[in-house]
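Overview (structure and organization)
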Amino acid sequence: MAIKTLEDFFVHSLSDIHSAERQLTKALPRLAKAASDPDLSSAFETHLEETNGQIERLEQVASAVGIKIKRIKCEAMEGLVEEGKQVIDEVPAGPVRDAALIAGAQKVEHYEIACYGTLCALAKQLGYEDALEPLLATLEEEKATDEKLTMLAEQGMNQEAAAA
C-alpha cells in the first residue's frame, strides 16, 4: 500500500491494527489453555472478549470516517504471536511458563498501546472526531490489560517462578 498522505497512513495504521487484533483472537485461546494459573487463564479469556469488541470498534471507525480497511498482515503481531507459541512449546507448564506468558502478553499490550496512541493522534490531526472516542476507549482497555498483567506478575507469579 502506497502511503503518500497522512490519511493514507491512518488507513494503513487502522488496517494494520485490525490485522493484529484478528491474529490475537486466534492466539488468546491458546494462551489461556497454556496458562497454569487460573487467574492468568481468566485474564486471557477476558481479553479475548475485549479484543472481539475492539475489532468491532475498528470497523465502526472505518465506517464513521468513510474508509475501507485494507487486507494486510500485521508482521509485528505475527512475530509476537510466534514468540508466544515458542514459549508454549519450549517452557514446561508451570510458574516459569506463566511468567513468560505474562511477559509476552505485555509485549503485545505495549505494541497495541503504541498503535492506538498513534491512531488517536492521527484522528485528531485529520479531524476524525467520530473516530477518536472509540479509539480512546480501546487505548484505555489496552492500558488496563497491561496493568492487570503487571499485577498478576507482581502479586505472586514472578515469585513462584523464581522459586521453581
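Rules and cut-offs
Residues numbered from 1 in each chain as written. Predicted model: local features only at pLDDT ≥ 70, side-chain atom pairs only at ≥ 80, totals over all residues. Heavy atoms only, no water. 1 Å grid on protein atoms, 1.4 Å probe; cavity = no way out; pocket = protein on both sides within 12 Å on 5 of 7 lines; lining within 4 Å. Points joined across faces, edges and corners; volume = space filled by probe spheres on them. Helix = DSSP H or I, 4+ residues; strand = E, 2+ residues; numbered from the N terminus. Nonpolar A, V, L, I, M, F, W, Y, C, P; charged D, E, K, R; others polar. Axes fitted to C-alpha atoms, helices over the stretch in contact; angles between N-to-C directions. Parallel < 35°, antiparallel > 145°, perpendicular 65-115°, else oblique. Left-handed = near helix turned anticlockwise from the far one by under 90°. Buried < 20%, exposed > 50% of the residue type's maximum accessible area, 1.4 Å probe, protein only. Phe/Tyr/Trp six-rings, centres within 6.5 Å; stacked < 30°, edge-to-face > 60°.

Some remarks on the layout of surface pockets
Looking at the largest pocket, its volume works out to about 360 Å³. In terms of lining residues, the largest pocket is bounded by 28 residues, among which Leu-28, Leu-31, Phe-44, Ala-105 and Val-108 are the most central. Listed by contribution, the elements that provide at least two residues to the lining of the largest pocket are helix 1 (6–34), helix 2 (38–65), helix 3 (75–90), helix 4 (95–126) and helix 5 (129–163). Broken down by class, the residue content of the lining of the largest pocket amounts to 16 nonpolar, five polar and seven charged.

Considerations on the packing of helix 2 against helix 5
Packing of helix 2 against helix 5 brings their axes to within 9 Å, and their N-to-C directions diverge by 165 degrees. The angle between helix 2 and helix 5 places the two elements in the roughly antiparallel class. Read as a crossing pair, helix 2 and helix 5 show a hand that is left-handed. In terms of residue class, the contact of helix 2 with helix 5 is built from 13 nonpolar, four polar and seven charged.

Things to note about the environment of Ser-42
Within the secondary structure, Ser-42 sits in helix 2. For Ser-42, a relative accessible area of 33% gives the class partly exposed. Counting along the chain gives twelve residues from Ser-42 to Arg-30, while the straight-line C-alpha distance between them is 12 Å.

With respect to the packing of aromatic side chains
For the structure on display, the rule yields one aromatic pair. Relative to Tyr-128, the ring of Phe-10 lies with its centre 5.2 Å away and its plane at 65 degrees, an arrangement referred to as edge-to-face. Residue Phe-10 is found in helix 1, and its partner Tyr-128 is found in the loop between helix 4 and helix 5; the two are separated by 118 residues along the sequence. This pair shows no difference in class: Phe-10 is buried, exactly as Tyr-128 is.

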